[in-house]
Amino acid sequence: MNLILLGPPGAGKGTQAQKLVDERGMIQLSTGDMLRAAKTSGTEMGKKVAAVMDAGELVTDEIVIGLIEEKLQGDHGGGFIFDGFPRTLAQADALGALLKAYNTTLDAVIAMEVNDEVLVQRILGRAEEARAAGKEARADDNEESLKVRLMEYYKKTSPLIGYYHCMKQLQWVPGLGTIDEVAASIAGVLDS
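As the structure is a prediction and not an experimental result, all values here were calculated from the model.

A.B. asks: I'd love a proper account of the overall build of the chain, names of residues and values included.
C.D. replies: The helix and strand inventory of the chain stands at 9 helices and 5 strands. Reading the chain from its N terminus to its C terminus gives the helix and strand order β-α-β-α-α-α-β-α-β-α-α-α-β-α. Expressed as a percentage of the 192 residues in the chain, the buried residues total 43%. Considering only contacts within the chain whose residues lie at least 6 apart along the sequence, 74% involve residues at least 24 apart. Roughly 9900 Å² of accessible area belongs to the chain as shown, and the carbon and sulfur atoms make up 52% of that amount. Each charge class in the chain can be summarised by its mean position, and for the 20 positive and 28 negative side chains these summaries are 2 Å apart.

A.B. asks: Could you give an account of the packing of aromatic side chains, naming the residues involved and the relevant values?
C.D. replies: Overall, the coordinates contain 4 aromatic pairs when judged by the stated rule. With a centroid separation of 5.3 Å and 70° between ring planes, the pair formed by Tyr 153 and Tyr 154 is classed as edge-to-face. For Tyr 153, a relative accessible area of 10% puts it in the buried group. Pairing Tyr 163 with Tyr 164 gives two aromatic rings, centres 4.9 Å apart and planes at 85°, and the pair type is edge-to-face.

A.B. asks: Lay out the nonpolar core with the relevant residues and their values.
C.D. replies: Core analysis: the largest hydrophobic core is formed by 29 residues, its most contacted members being Ile 4, Leu 6, Ile 68, Phe 82 and Tyr 164. Elements that contribute at least two residues to this core include exactly β1 (3-6), α2 (31-39), α3 (44-54), α4 (61-72), β3 (80-83), α5 (89-101), β4 (108-113) and α8 (159-166). Sequence-distant contacts of Tyr 164, that is, excluding residues within four places in its chain, are made with Ile 4, Leu 6, Pro 86, Ala 92, Leu 95, Leu 106, Val 109, Gln 169 and Leu 170. Residues Leu 5, Ile 81, Leu 119 and Leu 190 belong to the second largest nonpolar core, which totals 20 residues.

Conventions we followed
- Along each chain, the written sequence defines residue order, and numbers are assigned to residues from 1.
- Restriction of local features to residues with pLDDT of at least 70 applies here, the model being predicted, together with a cutoff of 80 or more for giving and counting side-chain atom pairs; totals for whole chains, interfaces and linings are based on all residues.
- Just so you know, side-chain values use all the structure's heavy atoms and leave hydrogens and water out.
- A run of H or I in DSSP counts as a helix once it spans at least four residues, and a run of E counts as a strand once it spans at least two, with each numbered from the N terminus.
- Think of it in three bands: with a 1.4 Å probe and only protein chains considered, a residue is buried below 20% of the maximum accessible area for its type, exposed above 50%, and partly exposed in between.
- When checking whether two residues touch, look at their non-hydrogen atoms; a contact exists if any pair is within 4.5 Å.
- For every accessible area listed, the method is Shrake-Rupley and the probe measures 1.4 Å; residues are considered covered only by the protein chains on display.
- Charge convention: Lys and Arg are scored as positive, Asp and Glu as negative, and His as well as the terminal groups of each chain are ignored.
- Charged side chains are reduced to one point each, which is NZ for Lys, CZ for Arg, CG for Asp and CD for Glu.
- Stacked, edge-to-face and tilted labels apply to pairs of Phe, Tyr and Trp rings (six-membered ring for Trp) whose centres lie within 6.5 Å, assigned for plane angles under 30 degrees, over 60, and everything in between, in that order.
- Residue types Ala, Val, Leu, Ile, Met, Phe, Trp, Tyr and Cys, when buried and joined through side-chain atoms within 4.5 Å, form a set referred to as a nonpolar core.

See below:
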């Protein structure tokens, strides 16, 4: 089974994707994680990615699609979870073409509903938890970067809701419950 988790930054996509990895053997394709790994790689591409991410902006479609295609060529496990991809209509079209080229399908698109005030609290809390644990907080886990990321989400990613709704693949789940409550809602979609 292949699915997309949609939602703004801080909605809990990564947390829910990890639960699906643990419980269903799926493979999480987190563009955020892939980009953060590239950012710290020290390569020329990594430096470009770092500059864009530190500004709270999105990297080019070409880079992201290339990263996704590399992953599609490997082990498929229990299916893929696209976490943070696609972010734009062009990326959605590119994903459709990639899946077709690899003779696979998209089985579900799950949109996680949360409000902006909760997102700010979650992001700032995530940064504080990292620092309290003696770890470095993500460079984009601050209120200023979040505002830029939210604006990008509303301008470029939220149109995907209509796109996948028209394709009859979109399912909504509430993202404001506990981790287990949200996971149960997602499981209900996947098992129906």
